[in-house]
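Each chain is listed here by its residues.
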Amino acid sequence: MDQNLTERFWEIDLLRGIAIVMMIVFHVMYDLDFFGAALLNVQSGFWFYFARATATIFLLLVGISLTLSFSRATQTQGTGKKLYQKYLKRGSTIFAWGLVITVLTWVFLREGFVVWGILHLIGISIILAYPLLKFRYWNLLLGLSFMALGLFLKNVSVGFPWLLWLGLTPNNFYSLDYFPILPWFGVVLIGLFIGNLLYPEYTRNFTLRDLSQVKGIRLLSFLGKHSLLIYLVHQPILITVLYLLNLVSIGALGFL
């Protein structure tokens, strides 16, 4: 089934919207635990794997979306230096937002500040993935290899922090948000494989009933279309709400 090059694949926005909701749910739980409002274990067990599942969905969709963007661009603009500069600019912009998160968490939190979080990873992945956007099964092989190597490095520690971006960490390293290239770039590469398999030449390679106008799906798709903005603003909003609720509860106790 052909897809107009100006249209979006609603199921991609839907999945990204679901991941956004999952991210917000996890961060509500994390903030409640962090500020002592509830005793929750978010470092292991259900919530740990819930967070990892959320990140995996996001990163798979990064890879899929890159193949869609590349297919559309090559059909309308061709290839070459100008197209690479587009991805370089896009990746650098997202990476820069990651650096903003680094500065803000260092200023306000210090302990556990974000050295190399998911925005850093997505930004650099967009740049690194460009030469691989045309491949299918090679990306599957590379992706699985990156993930296997990353799992191996997880058990290796070093005495310096300079390879945190790669996946080598010092003893007792802790960060609120840590997504090194190994293994997580491997997930993006598997997303490239899935994108080229299911959406060759910006065409859906399978039949799917159009549910894009269903109310709940429209809402989730809207969230998916604005995922970066929501990612950047949701934590300050959540923290503000929790702070105000805490003030209200203290006032209520004082009144009693």
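Right above here is the structure, for reference.
Each residue is numbered by its place in its chain's sequence as written, counting from 1. Under the rules for a predicted model, residues below a pLDDT of 70 receive no local features and side-chain atom pairs below 80 are neither given nor counted, while totals for whole chains, interfaces and linings still include all residues. With hydrogens and water set aside, each side-chain value is computed from the structure's full complement of heavy atoms.

Visitor: I keep staring at the pattern of salt bridges and nothing clicks. Help me out?
Guide: Any two side chains of opposite charge can pair if their charged atoms end up close together. In the sections that follow, a salt bridge refers to a side-chain nitrogen of Lys or Arg positioned within 4 Å of a carboxyl oxygen of Asp or Glu. Using the criterion set out here, one finds 3 salt bridges in the structure. Here D13 and R16 are joined by a salt bridge, their closest N and O atoms 3.2 Å apart. Taken together, the positions of D13 and R16, both in helix α1 (residues 10-34) and 3 residues apart, correspond to about one turn of that helix. The burial state of D13 is the same as that of R16; both residues are buried. Every helix listed is a DSSP run of H or I at least four residues long, and every strand listed is a run of E at least two residues long, numbered separately from the N terminus. The classification of residues rests on relative accessible area computed with a 1.4 Å probe and restricted to protein chains. Under 20% of the type maximum is buried, over 50% is exposed, and intermediate values are partly exposed.

Visitor: What is the right way to read the environment of N246 from this model?
Guide: Tracing the chain through its elements places N246 in helix α8 (residues 227-255). Residue classification places N246 among the partly exposed residues on the basis of a relative accessible area of 39%. Here the alpha-carbon distance between N246 and A37, two residues 209 residues apart in the chain, equals 8.6 Å.

Visitor: Please explain the environment of L228 as it appears in this structure.
Guide: Considering the arrangement of structural elements, one finds L228 in helix α8. A relative accessible area of 32% places L228 in the partly exposed class. In sequence terms L228 and N205 are 23 residues apart; their C-alpha atoms lie 28 Å from each other. Residue contacts follow a heavy-atom distance rule, with two residues in contact if any of their heavy atoms lie within 4.5 Å. Setting aside chain neighbours within four positions, we find L228 in contact with W97 and L119.

Visitor: Explain helix α7 (residues 215-225) to me, please; I cannot follow it from the model alone.
Guide: Each full turn of the α-helix corresponds to 3.6 residues, which orients residues three or four apart in the same direction. Within the sequence span of α7, burial applies to I217, S221 and G224. All buried residues of α7 project into a common sector of 55 degrees when viewed along the axis, lining one side. Facing away from the buried side of α7 by more than 90 degrees, the exposed set consists of K215 and L219. The arc in question is the one spanned by the directions pointing from the helix axis to the C-beta atoms.

Visitor: Sorry if this is basic, but what is going on with the packing of helix α2 (residues 45-76) against helix α3 (residues 81-108) here?
Guide: When two helices pack together, their arrangement is captured by the angle between the axes and the distance separating the axes. Helix axes are fitted only over the stretch in contact, all axes being lines through C-alpha atoms; the angle between N-to-C directions runs from 0 to 180 degrees. Axis separation between α2 and α3 bottoms out at 11 Å; the angle between their running directions is 150 degrees. Regarding the angle of α2 to α3, the classification is roughly antiparallel. Seen from above, α2 lies across α3 with right-handed handedness. Touching L66, S69, F70, A73 and T74 of α2 are L83, K86, Y87 and R90, all from α3. Each residue belonging to the contact of α2 with α3 can be placed in one class, and the counts come to 5 nonpolar, 2 polar and 2 charged. Roughly parallel means an angle under 35 degrees; roughly antiparallel means over 145; roughly perpendicular covers 65 to 115; every other angle is labelled oblique. Note: crossing handedness is left-handed where the near helix turns anticlockwise from the far helix by less than a right angle, and right-handed where it turns clockwise. Gly is put with the polar residues, along with every residue not named as nonpolar or charged; the nonpolar set is Ala, Val, Leu, Ile, Met, Phe, Trp, Tyr, Cys and Pro, and the charged set is Asp, Glu, Lys and Arg.

Visitor: Even after reading the chapter, I still don't get the layout of surface pockets, so can you show me in this structure?
Guide: It is a probe the size of a water molecule, rolled over the atoms, that shows where empty space is left. Note on definitions: the grid is 1 Å and covers protein atoms alone; a cavity is a set of points where a 1.4 Å probe fits but cannot get out; a pocket is an open set with protein on both sides within 12 Å along at least five of seven lines; lining residues have an atom within 4 Å of a point. Grid points are joined across faces, edges and corners, and a volume is the space filled by probe spheres set on the points. Volume-wise, the second largest pocket comes out at about 230 Å³. Lining the second largest pocket are R8, F9, W10, D13, D210, S212, Q213, R218, S221, F222 and K225. If you list the elements that add at least two residues to the lining of the second largest pocket, you get α1 and α7.

Visitor: Explain the packing of aromatic side chains here, please?
Guide: When we look at a pair of aromatic rings, we describe it by the centre distance and by the angle of the planes. Each aromatic pair joins two rings of Phe, Tyr and Trp (for Trp, the six-membered one) with centres within 6.5 Å, and gets the label stacked for planes under 30 degrees apart, edge-to-face for over 60, and tilted for any other angle. Enumeration according to the criterion identifies 17 aromatic pairs in this entry. Measuring from ring centre to ring centre gives 5.8 Å for F46 and F50, while their planes differ by 35 degrees; the resulting arrangement is tilted. Of this pair, F46 and F50 both sit in helix α2, 4 residues apart, roughly one helical turn. Their ring planes at 75 degrees and their centres at 5.2 Å tell us that W47 and F50 sit as a pair that is edge-to-face. In this pair, W47 and F50 both sit in helix α2, 3 residues apart, roughly one turn of the helix. One exposure class covers both W47 and F50, and it is buried. One aromatic cluster in this structure is built from F9, Y199, Y202 and F206. Lysine and arginine charges are scored as sitting over a ring when NZ or CZ, respectively, is within 6 Å of the ring centre and within 35 degrees of the ring normal. Taking NZ or CZ as reference, R110 lies 3.9 Å from the ring centre of W106, over its face.

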